[in-house]
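# Summary of structural features
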There are 2 protein chains.
Amino acid sequence: MNGIGAHEVIIETPDHTKQMQDFDLPHLEKVIQTYQIRSLDLKKDPRLKYSMIFKNYGREAGASLYHSHTQLISTPVTPKRVKEELKGTQWYYEYKERCIFCDIIEDEISRGERVVAMNSDFITLVPYASRFPFELWLLPMRHSPDFDSISDGERQSLAQILGLVLKKLIKGLSNPSYNFIFHTAPNRFPHPGYWQTIDKDYHWHIEIMPRLTRPGGFEWGTGFYINPTPPEEAAQFLRDLTV
Amino acid sequence: MNGIGAHEVIIETPDHTKQMQDFDLPHLEKVIQTYQIRSLDLKKDPRLKYSMIFKNYGREAGASLYHSHTQLISTPVTPKRVKEELKGTQWYYEYKERCIFCDIIEDEISRGERVVAMNSDFITLVPYASRFPFELWLLPMRHSPDFDSISDGERQSLAQILGLVLKKLIKGLSNPSYNFIFHTAPNRFPHPGYWQTIDKDYHWHIEIMPRLTRPGGFEWGTGFYINPTPPEEAAQFLRDLTV
Ligand SMILES: [Zn+2]
Ligand SMILES: [Zn+2]
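An unreviewed UniProt entry lists chain A under the name Galactose-1-phosphate uridylyltransferase, with candidate division TA06 bacterium ADurb.Bin131 as the source organism.

Here it is in structure tokens:
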């Protein structure tokens, strides 16, 4: 490992007063396309092992600037938390011979109670055993480890559902601070044995976390999270909310 | 695992206006003795695998009550983060045949630049590669995995150094929110192979984290922390501060 890396700030609009939830569909699609273009471009540099796309919205989410923006940070190592997730999905795949996220999607659609929204290519749900109140996952229906593999049609569907979900969050929870984080596979290189099974066992997705409570000593010390809002109630509230 | 556990709130004083940094030495010693008594008592219940003592001070640290208090939560499993630390120290011990914390203490005393305070039984330092600005570790000189094994003399020394360090933090950083977390070994039971090496490889300590910055998407997503304050500068500032 060396000190190499990239940090890009994607300025989403020239309008200082507009936030992501205010963008129209073609605008939001262009923002997502920018993420995709930058992600694909950074993959050309073999020194970069991982690119993380994330947004800090509001002071409680760590934002220091008001103007609507997203960040992309590329690191020369696969981050600790990403590795943990990859190991977890790999373990599940070895055990069941199925992708855990594909299984979750199928199960959540059949239950329905934790689903917030769906379109032809994506589903948004409040995950079982959510860590935070109103935590949301946004998953593609098509199994793929890489966010930047989305097609033109999927990009349009993603803009539709992301815009809808952000409008619901902002209206329903009175403009909360939130983070979103793209969970996507690390850059793969032809090393033998290096994450060989990712194409089968990993499924990219977006996690959206409103910052309604502050983590305390218990959360920091244990890695366990206390969530006072049942995911089924959070899902129903957001599902039923008109925006 | 079942739904068993304990959550105790230790009210440190009848005086609503006093905080831990205001207590005199005998008072703080009694508070620490209460932690010790409760920890030892909860070990009698074999269903409880871990007891975590922690403090949330100020809103940014997750505190919802002003009145000075500490919390103790016992869980029926060893928490995820605790296991990670135990695995790390075990790995170091297998490699070096020495306790990593004993090694850190020896190294930091000889360097001196990250030491904030010392007495006969304890040392406080700003750890190498601190995650947060002004993060502090408070370690016993005597190797022991269990906080609740401290002697009467050690309890007195701990009250002295903890009081001093809190006074420095509160004065030097203008009454910041902070968390402290006791890092101590899990309750051990006579299971073969269950944390057999803890007595040798683990060393209890306290981590104090002022909440001066808010974690954003990058920290949440990666588990990596961006700290703008070099530990040597933080240590010098606190070391030189008179309280
Ligand atoms: Zn899948
Ligand atoms: Zn030691």
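A separate point is the coordination of the zinc ion (ligand 1). Residues and elements named next belong to chain A. Taken together, Cys99 (SG), Cys102 (SG), His143 (ND1) and His203 (ND1) make up the protein donors of the zinc ion (ligand 1), found 2.0 to 2.3 Å from the metal. Taken together, the 4 donor atoms coordinating the zinc ion (ligand 1) span angles of 106 to 114 degrees at the metal, a pattern that classifies the geometry as tetrahedral. Between the donor residues of the zinc ion (ligand 1), the gaps in sequence give the motif C-x2-C-x40-H-x59-H. Here His143 lies in the loop between strand E6 (136–140) and helix H4 (152–172) and Cys99 lies in the loop between helix H2 (80–96) and helix H3 (100–111), a separation of 44 residues in the sequence.

Overlay of chain A on chain B (RMSD 0.0 Å): rotation 180 degrees, translation along the axis 0.0 Å. In symmetry terms, the pair is related by a two-fold rotation axis. Counting the interface residues of chain A, we find that 100% of their copies in chain B are interface residues as well, pointing to one common contact surface.

This next bit is on the coordination of the zinc ion (ligand 2). All names here are of chain B. Distances from the zinc ion (ligand 2) to its protein donors, Cys99 (SG), Cys102 (SG), His143 (ND1) and His203 (ND1), fall within 2.0 to 2.3 Å. Coordination at the zinc ion (ligand 2) is tetrahedral: its 4 donor atoms span angles of 107 to 113 degrees at the metal. Of note, the zinc ion (ligand 2) draws all its donor residues from one chain, in the sequence arrangement C-x2-C-x40-H-x59-H. Residue Cys102 is classed as partly exposed on the basis of its relative accessible area, which comes to 27%.

Our focus in this paragraph is the packing of H2(A) against H3(A). Residues and elements named next belong to chain A. For the pair H2 and H3, interaxial distance at closest approach is 9 Å and the crossing angle is 75 degrees. By the criterion of interaxial angle, the relationship of H2 to H3 is roughly perpendicular. Contacts between H2 and H3 involve Glu85, Thr89 and Tyr92 from the first element and Ile100, Phe101 and Asp103 from the second.

Our focus in this paragraph is the sheet that holds strand E1 (residues 6–11) of chain A. Residue and element names in this part refer to chain A. Within the open sheet, the 8 strands sit side by side as E1-E3-E2-E7-E8-E6-E5-E4. Their pairing is antiparallel. Each edge of the open sheet carries a strand with a single partner, namely E1 and strand E4 (115–118). Each strand of the sheet is rotated relative to its neighbour by a mean of 20 degrees, with strand direction disregarded. Pairing of E6 with strand E8 (residues 205–210) involves 3 bridges; the strand directions are antiparallel. From the neighbouring strand, Trp137 faces E8, where its bridge partner is Glu207. Running over the sheet, H3 touches E4, strand E5 (122–125), E6 and E8 and is turned about 110 degrees from E6. Strands in contact with H4 are strand E2 (50–57), E4, E5, E6, strand E7 (178–183) and E8; relative to E5, the strand with the most contacts, it is inclined by about 20 degrees.

Thresholds, definitions, all that
Residues numbered from 1 in each chain as written. Chains lettered and ligands numbered in written order. Predicted model: local features only at pLDDT ≥ 70, side-chain atom pairs only at ≥ 80, totals over all residues. Heavy atoms only, no water. Donors = N, O, S within 2.8 Å, 3.2 Å for Na, K, Ca; no water. Tetrahedral: all angles 85-135°; square planar, octahedral: opposite > 155°, others 65-115°. Helix = DSSP H or I, 4+ residues; strand = E, 2+ residues; numbered from the N terminus. Least-squares fit on C-alpha atoms with pLDDT ≥ 70 in both. Contact = heavy atoms within 4.5 Å. Buried < 20%, exposed > 50% of the residue type's maximum accessible area, 1.4 Å probe, protein only. Axes fitted to C-alpha atoms, helices over the stretch in contact; angles between N-to-C directions. Parallel < 35°, antiparallel > 145°, perpendicular 65-115°, else oblique. Pairing = 2+ DSSP bridges.

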